[in-house]
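Breakdown of the fold
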2 protein chains.
Amino acid sequence: MGNNRPIILGIVGDSGTGKTTFVRGIRDVLGSDRVTSICIDDYHKYDRIQRKGKRISALHPDCNYVDIIEQHLHCLRRGESILKPVYNHSTGSLDSPEYIRPKEFVIIEGLLGYYTRRMRDAFDVKIYLDPEERLRVDWKIARDTQKRGYTPEQVIESLKGREDVSRRYIRPQRAFADIVVSFYRPKGLENETGTKLNVELILRPTIRHPDFSRFIDSGLINEQCCLSATLRRDEGLPVDFIEITGNIPREIGRRVMKLIWDYLPGVAMPEKIIGKYHERKKEKISTPLAIAQLLASYHLVNVKLRD
Amino acid sequence: MGNNRPIILGIVGDSGTGKTTFVRGIRDVLGSDRVTSICIDDYHKYDRIQRKGKRISALHPDCNYVDIIEQHLHCLRRGESILKPVYNHSTGSLDSPEYIRPKEFVIIEGLLGYYTRRMRDAFDVKIYLDPEERLRVDWKIARDTQKRGYTPEQVIESLKGREDVSRRYIRPQRAFADIVVSFYRPKGLENETGTKLNVELILRPTIRHPDFSRFIDSGLINEQCCLSATLRRDEGLPVDFIEITGNIPREIGRRVMKLIWDYLPGVAMPEKIIGKYHERKKEKISTPLAIAQLLASYHLVNVKLRD
């Protein structure tokens, strides 16, 4: 049995939501030799100068070849290589395209991955990253000042300029995800940006998830303080709502990951340490992040084995 | 009924075989607003400097993204736009890609259009241009010295360098064409390059052609001197072999074109004068060329109406 075509995962979210960090952990679980990751924010119609002339944001769907994104996603799903356009972030110009061959797993990361029905149809698993807004702003400021040479004021200015497009085109995509990952600050830690963050996972019944409530009810995990599973409504529809706090002991986290992976009989649990992120150039580990990355990886392997 | 997807015509042939001139006449018949023409010689993997380093010819299939050409042909056939790579012939570099939306008819012109089965499957009508070799050399010298700034010696040198690739990859594509168009010199006119050239049309029974032999047998055309239709073998298989001499009176040529177009009841014969080409910057008319262009156009309209 098993699936021979590439399995396609989407990681969609606004700027600064941690897409790159999230993808890195999944690559670590599955192995770089099995994963192709592609950023689809490069399908711009206009270069930087043209955008200024037209007063259009690079994030706006009208500024992107949405039909070509759709086409390329479906090509990748059929196992075909693509000639992906390349946007040069330093010069702001459109460069010569890049040939990309899909491996077993393809991770599509970007701002507008679930914008149209045809895009959404190409994914096996759709994840939306939705950290609380103040945290996103702090993440974005940290990244853009440390890695892209902006001042905090410039980042805040840019966020203001994008707010309208973000509200109209990016955030509505949350509704189409199978999993929504929302990091947020525990009470009393209003400046935390890393290890101590909690995470909420909204698991929609659009794909079949491991049963977290069973882990808890059966006593397989008895630390309800740091992991909870409740049935809730989200955007009007029933979902599983998993909450994992930043203070979850690493060993309990490891047990949760083992229980998730046990849904894949015969597949060895990857030994690699995941949940890694960088904070002020230091590498740290977040257990909630590790669990979310492992859950995404579980789904990819599961589709590959079963569908 | 009729066909709503774009109808795809191929015009394949070696360098200097008159592809661009041939396409222009079909555009004139069908109207520019209904025709998208695309040159597929731009799908290079390497720019000019890289090719020199690798000692690989731009014509060689290994130097081209053959799989992407296949993919794009099938996208166009389904009516999807493509983001076509662009090769800059002046600088020799790979530029940013170009967005192309297919109109009712798509003409694909290039060196390697019928190289793979998957490419060939995308075409509704496949034409191969195969002028006699000495004529092709003279055409290529004229074009490359007048329009591209080369000396005759440079053109001949370049032809020698391409000979091996041409023999191995380009000329074998002749076997897959529905129509082979071969201009050649009448006896005694060893330097003719234009109006007085004769043409042979090989019509393979892979598509349904108008019955030229009926035109003649029934006396609809009685000038057998300048038009003949015979049954022959070509590459071992039966074909209709049409010969039209350069001295065919224009009015007889017009009658032949009318008889071809009569196979399309209810579609008005285009009034536009076709068969145009440029010789030393002057525009001239070749009646054999006009008939060949009209036959190609007939097939496109026929597929559109009937399939």
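Look above for the structure.
Summarised in this report is the structure supplied together with it. (Residues numbered from 1 in each chain as written. Chains lettered and ligands numbered in written order. Predicted model: local features only at pLDDT ≥ 70, side-chain atom pairs only at ≥ 80, totals over all residues. Heavy atoms only, no water.)

Here's the deal with the relation of the copies chain A and chain B
Overlaying chain A with chain B gives an RMSD of 0.0 Å, the required rotation being 180° about an axis along which the chain moves by 0.0 Å. As the rotation angle and translation indicate, the two copies are arranged about a two-fold axis. Residue Ser96 of chain A, judged by its C-alpha, is the member of chain A lying nearest the rotation axis, at 2.2 Å. Of all interface residues in chain A, 100% are interface residues in chain B too; the two copies therefore contact each other through one and the same surface. (Least-squares fit on C-alpha atoms with pLDDT ≥ 70 in both. Contact = heavy atoms within 4.5 Å.)

Some remarks on the pairing of strand β7 (residues 179–184) of chain A
Regular strands show a simple pattern: their side chains alternate between the two faces of the sheet. All names here are of chain A. With respect to burial, β7 is a largely interior element, six of its six residues being buried. Of the two faces of β7, the one lined by Ile179, Val181 and Phe183 and the one lined by Val180, Ser182 and Tyr184 are each fully buried. Alignment of strand β6 (residues 125–129) against β7, held across three bridges, turns out to be parallel. Looking across to β7, one finds that Leu129 is bridged to Val181. As paired elements, β7 and strand β8 (residues 198–203) share six bridges and run antiparallel to each other. Within β8, the position partnered with Tyr184 by the bridge is Asn198. (Buried < 20%, exposed > 50% of the residue type's maximum accessible area, 1.4 Å probe, protein only. Helix = DSSP H or I, 4+ residues; strand = E, 2+ residues; numbered from the N terminus. Pairing = 2+ DSSP bridges.)

Concerning the interface of chain A and chain B
The partner chain B presents 17 residues to the 17 residues of chain A that form the contact. Contact between chain A and chain B buries roughly 1500 Å² in total, counting both sides, with carbon and sulfur atoms accounting for 58%. It is Gln71, Leu83 and Tyr99 of chain A that lose the most area in chain A upon contact with chain B, and together they represent 34% of the buried surface on that side. Linking chain A to chain B there are two salt bridges. In this structure, Arg118 of chain A engages Glu80 of chain B in a salt bridge whose closest nitrogen and oxygen atoms are separated by 3.5 Å. Secondary structure elements with two or more residues in the side of chain A that touches chain B: α3 (66–77), β3 (82–87) and β4 (94–100) of chain A. A total of five residues in the side of chain A that touches chain B trace back to one element, the largest contributor, which is β4 of chain A. Looking at side-chain class alone, the side of chain A that touches chain B contains nine nonpolar, three polar and five charged residues. (Buried area = accessible area lost by both parts, 1.4 Å probe. Salt bridge = Lys/Arg side-chain N within 4 Å of Asp/Glu carboxyl O. Nonpolar A, V, L, I, M, F, W, Y, C, P; charged D, E, K, R; others polar.)

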